[in-house]
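# Examining the three-dimensional arrangement
Residues per chain, in single letters:
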Amino acid sequence: MKITTKYGISLWSCIVLLGTITSSYVTLAQSAQSKSYCDYVNPFIGTQGEGNTYPAAVAPFGMIQIGPDTDIERWETASGYEYSDTLLYGFSLTHFSGTGIPDFGDFLFVPSTGKVKTFGGKRDTYNSSSYRTRFDHRQESASPGYYSVRLPEYDITAEMTAADRAGLLRFTFPQTDSANIMIDLKHVLQWKVIWSQVRIMDDSTITGYHYVKGWARDRKVYFAARFSKKFERSGIYRNGRIVEYDPFKTYRFVSRYEAADTSLQFFAAYRTTAGEAITVKVAVSGVSTENALLNMNTEIPHWNFSHVVNETRDKWNNELMKIDVEGTDDEKTTFYSSMYHLCLTPFIYQDVDGSYLGMDKSVHQAQWFTNYTVFSLWDTYRAVHPLFMLIQNGRNADMINSMLKHYEQSVNHLLPVWSFYGNETWCMIGYHAVPVIADAVVKGLKGIDAGKCYDAVKATAMNREYDNVMLYAKLGYLPFDIENESVSKTLEYGYDDYCVAQMAKYLGKTDDYNYFINRSKAYRNLFDKQTGYMRGKDSKGNWRTPFSLDECSEDLRQRDFTEGTSRQYTWYVPQDVQGLVALMGRDLFEARLDTLFALNIPGNNQTAEDATGRIGEYWHGNEPSHHIIFLYDYIGKPWKTQSLVHKVVSTQYGSKPNSLCGNDDCGQMSAWYIFNALGFYPVCPSGSYYAIGSPCLPKAVVNLSNGRKLTIISNNLTKDNIYIRSMTINGSEWNKSYIPFEEIRNGGEIVFNMTNKPNKKWGTAKESLPPAE
């Protein structure tokens, strides 16, 4: 029997319809209650103050970062964006994340109405004749893969999204007869364009390049741009004047479709209706304009802006889900924003056909690996790459293979120190590609050739040209009258040599192991027993006199320490902490650590770079301090480590634009937080264990690269319950203040039971201390 309603609809259909509606409401309700990982990312964290991050649209490890530039003059605004600024220049295609030195900011896109402006103006000064314009954070937003802002002066909304090498800029105009999109090829952050070229290829496409003498002394980058609307009027400005043929001025013919000089701008002009959007498809390449076009046509063959936003958002969720955490919304925002910053660099540096510009300035083909660039190794060897060893094995292997190609192409036959875009900057000290590679080899990373790795590592550590390495090897230290920053270099070389030794041991090279492990003890030669601190020594063996614990000379050539003082660098012996304890004595070791965190010297070391994030004379805003908190574990006082971890996390991190106390340094500050949110930290990468800190989240599931899961549970964790009462690993009681890598490499479960008082019986026995390696 068929029952129908008076509207002729069967009762069954009504039931199905009602069920569908109910199901839809349930789905919507569930959707409203659940958030994706991307919803917890705030790209503005670190954009105010010291963090030097950016809010640009970018894909994970993406080669193009499309976003706003508010400052091109200040050294300290290295990303090009400072949250406290109220004016912006426009939107460029490349940006660094968290560095202490500016570069990039290539190819600035400037939408406007009225007369085309080619002059950028000065920072903090509004000038109606310049193209800098006002903006308001209340009309600005950013999320993974997306950025937007309204420009009230022109009634324009600007939006950006990005794939790996290509992206889209969408400008929504008011009704006007004078809508413009200008591209400034002269624009870069801080440095100088020494040559550029632009070509109008057809009625909607342009290509070009510029050659920048900057932090990278020899950097050439190419771009392509295609407009969704044909140019109604277009042209090129050279040194502020339109490029056109005039027989009475130019004498010979001049094409208006191309130009080359140090100061070029292209413009496209339109009549637009209210709410009309013009989209610009863009791409970059380190090889050629043809490859920029290839990247653009391959990655975004359509004009669907929302599709790119959603596709990139999916990519981000896939990266962020590698660690699934529980906590408050604020805690999740801090955590996933840190994960986001972790996954910005190093970034892809090859075109879709595998070609890239090498260190030898030749074009190479990456046939069996993906080539990466931006190796801030003095920073990232500490926590970024050790974290990649847990959750980014494939990318870490590609990054190491990229380093090996750098070595092969280097005229100095050196692994990278601080390199990007086929250039070595020689920034910072040490040879810290070595610990990244050594850590990967001794932990069995797949996808790299251990033999080739060792050859490159050993050759770098034995290089006779680089920063007096062989004089250090001969004397057992670097003399301050021969080499600047001699104490820091001696200490960091010693750690790097320890890493070489671990590789040699792993590969059965006994003689090399003995040689490099002996070199790794060089710190002993600069430990002054009279003062109990590391101290400079000259080539005759005399101590630096007079000696100040807070020495940080403004003259970089006279410094004994790198971005720090003896107060911080005395603790830089991560490879032999127990040896340092023996030199200093356990009681003095603890007293000196206590003093470091308690000192309050007003105005001290204002000349020191990155002396920020201070807790006493511990400077969390810079990397030499990052391991110091965990040294209490080595003397049986782990509760002091636990307390300090929470102090740093609660005071030096957060979910606001000003919540990073120092340069994020290509993810290092963020990686420190991620490790410590989990409850442990790699004091000595390429060693066999992690030091235990104190977990900062109630639960985390780490999805390891090998497909296993490491679950971390923190029972009874509150803002007061920050001390470890007891702990288990895979159900067994754990009373050691360290976790061997072998215990977690295949996943498992770590359970912390927390309390509000220090448990001075946990992790304090001699056998519970981190061992010498």
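For the structure, see preceding data.
### Some thoughts on the overall build of the protein
Looking only at helices and strands, the protein features 18 helices and 39 strands. In summary, the protein has a C-alpha radius of gyration of 28 Å against a globular reference of 28 Å for 773 residues, a match within 12%. With respect to the principal axes defined by its C-alpha atoms, the protein has extents near 95 × 80 × 50 Å. Residue burial in the protein is summarised as follows: out of 773 residues, 62% are buried. By sequence separation, contacts in the protein at least 24 residues apart represent 69% of the contacts at least 6 residues apart. Between the averaged position of the 78 positive side-chain charges in the protein and that of its 84 negative side-chain charges there is a distance of 1 Å.

### Focus: the pairing of strand β10 (residues 166–173)
With six of eight residues buried, β10 is to be regarded as a mostly interior element. Of the pairings in the sheet, the one linking strand β9 (residues 156–162) to β10 comprises six bridges and is antiparallel in character. Paired with Ala162 across the strands is Gly167, a residue of β10. Pairing of β10 with strand β19 (residues 276–285) involves eight bridges; the strand directions are antiparallel. Counterpart to Ala166 in the pairing with β19 is Ala283.

### Overview of the packing of aromatic side chains
Tallying each qualifying case throughout the model produces 56 aromatic pairs. Judged by centre distance (5.3 Å) and plane angle (65 degrees), the rings of Tyr37 and Tyr336 are edge-to-face. Here Tyr37, found in the loop between α1 (11–33) and β1 (57–58), pairs with Tyr336, found in helix α4 (residues 329–342); they are 299 residues apart in sequence, far enough to count as distant. Geometrically, the ring pair formed by Phe675 and Tyr690 is tilted, given 6.1 Å between the ring centres and 35 degrees between the ring planes. With Phe675 in helix α17 (residues 668–678) and Tyr690 in strand β33 (residues 689–692), this residue pair connects regions lying 15 residues apart in the sequence. Each member of the pair Phe675 and Tyr690 is classed as buried. If you follow Lys443 out to its NZ or CZ, it ends over the ring of Phe741, 5.2 Å from the centre. Between Lys537 and the ring centre of Tyr477, over which it is positioned, the NZ or CZ distance is 5.4 Å.

### Topic: the packing of helix α3 (residues 305–320) against α4
Two numbers describe how α3 lies on α4: the axes approach to 10 Å, and their chain directions differ by 105 degrees. Here α4 runs roughly perpendicular to α3, going by the angle between their axes. Between α3 and α4, the contacting residues are Trp316, Glu319 and Leu320 on the first element and Tyr336, Met339 and Tyr340 on the second. Among the residues forming the contact of α3 with α4, the class breakdown is five nonpolar, no polar and one charged.

### Focus on the sheet that holds strand β36 (residues 723–729)
Taken together, six strands build an open sheet; the order of strands is β20-β34-β35-β39-β36-β37 and the sheet is mixed. With partners counted over all chains shown, the strands left at the sheet margins are β20 (323–326) and β37 (732–733), one partner each. As paired strands, β36 and strand β39 (residues 748–755) are joined by six bridges and run antiparallel to one another. Its bridge partner being in β39, Thr728 is matched across the sheet by Val751.

### Quick notes on the sheet that holds strand β8 (residues 146–151)
Taking strand neighbours across the sheet as the criterion, the nine strands line up as β7-β8-β9-β10-β19-β14-β13-β12-β17 in an open arrangement whose pairing is antiparallel. The open sheet has two edge strands, β7 (140–143) and β17 (258–261), and neither has a second partner. Each neighbouring strand pair of the sheet contributes to a mean axis angle of 15 degrees, computed without reference to strand direction. As paired elements, strand β13 (residues 205–213) and strand β14 (residues 219–227) share eight bridges and run antiparallel to each other. Opposite His210, over in β14, you have Val221 as the bridge partner. Running over the sheet, α3 touches β7, β8, β9 and β10 and is turned about 45 degrees from β9.

### What to know about the layout of surface pockets
Here the second largest pocket defines a volume of roughly 460 Å³. Taken together, 20 residues make up the lining of the second largest pocket; nearest its centre are Ile72, Gly120, Tyr131, Asp184 and Lys186. Across the lining of the second largest pocket, the residue classes tally to seven nonpolar, eight polar and five charged.

### Things to note about the environment of Ile722
As for its position among the elements, Ile722 is in the loop between β35 (709–715) and β36. The buried category is assigned to Ile722, whose relative accessible area is 10%.

### Some thoughts on helix α2 (residues 289–299)
Buried residues of α2: Thr289, Asn291, Ala292, Leu293, Asn295, Met296 and Glu299, and no others. Residues of α2 that are buried in the fold lie against β10, β13, β14, β19 and β22 (355–357).

### Some thoughts on the pattern of salt bridges
Summed over all chains, the structure comprises 35 salt bridges. Among the ionic pairs, Glu159 bridges to Arg170, the shortest N-O distance being 2.9 Å. Of the two residues, Glu159 is situated in strand β9 and Arg170 in strand β10; the sequence distance between them amounts to 11 residues. Take Glu159: its relative accessible area is 11%, and that puts it in the buried class. On the accessibility criterion, Arg170 (22% relative accessible area) is partly exposed. Note that Lys230 is salt-bridged to Asp203, the shortest N-O span being 3.7 Å.

### Some remarks on unusual backbone geometry
Put simply, Thr345 and Pro346 share a cis peptide bond, and its omega is -10 degrees. Here Pro346 shows up in the loop between α4 and β21 (347–348). The step from Thr545 to Pro546 runs through a cis peptide bond, and the omega angle for that step is -5 degrees. Tracing the backbone shows Pro546 in the loop between β29 (533–534) and α13 (566–569). With a phi close to 70 degrees, Met428 is a non-glycine residue in the positive phi region. The topology assignment puts Met428 in the loop between β27 (423–424) and α8 (433–442).

### Structural notes on empty space enclosed by the protein
Within the structure shown, the criterion is met by 11 cavities of 30 Å³ or more. Looking at the lining of the largest cavity, the elements that each hand over two or more residues are β22, β24 (372–373), α7 (393–409) and β26 (418–420). With four residues, α7 is the single largest residue contributor to the lining of the largest cavity. In terms of residue class, the lining of the largest cavity is built from eight nonpolar, nine polar and one charged. In this structure, the second largest cavity occupies an estimated 80 Å³ of space. Residues of the lining of the second largest cavity, tallied by class, amount to eight nonpolar, two polar and two charged.

About the criteria used
- Residues numbered from 1 in each chain as written.
- Predicted model: local features only at pLDDT ≥ 70, side-chain atom pairs only at ≥ 80, totals over all residues.
- Heavy atoms only, no water.
- Helix = DSSP H or I, 4+ residues; strand = E, 2+ residues; numbered from the N terminus.
- Rg over C-alpha atoms; globule rule 2.2 N^0.38 Å.
- Buried < 20%, exposed > 50% of the residue type's maximum accessible area, 1.4 Å probe, protein only.
- Contact = heavy atoms within 4.5 Å.
- Lys, Arg positive; Asp, Glu negative; His and termini not counted.
- Charge placed at Lys NZ, Arg CZ, Asp CG, Glu CD.
- Pairing = 2+ DSSP bridges.
- Phe/Tyr/Trp six-rings, centres within 6.5 Å; stacked < 30°, edge-to-face > 60°.
- Lys NZ or Arg CZ within 6 Å of the ring centre and 35° of its normal.
- Axes fitted to C-alpha atoms, helices over the stretch in contact; angles between N-to-C directions.
- Parallel < 35°, antiparallel > 145°, perpendicular 65-115°, else oblique.
- Nonpolar A, V, L, I, M, F, W, Y, C, P; charged D, E, K, R; others polar.
- 1 Å grid on protein atoms, 1.4 Å probe; cavity = no way out; pocket = protein on both sides within 12 Å on 5 of 7 lines; lining within 4 Å.
- Points joined across faces, edges and corners; volume = space filled by probe spheres on them.
- Salt bridge = Lys/Arg side-chain N within 4 Å of Asp/Glu carboxyl O.

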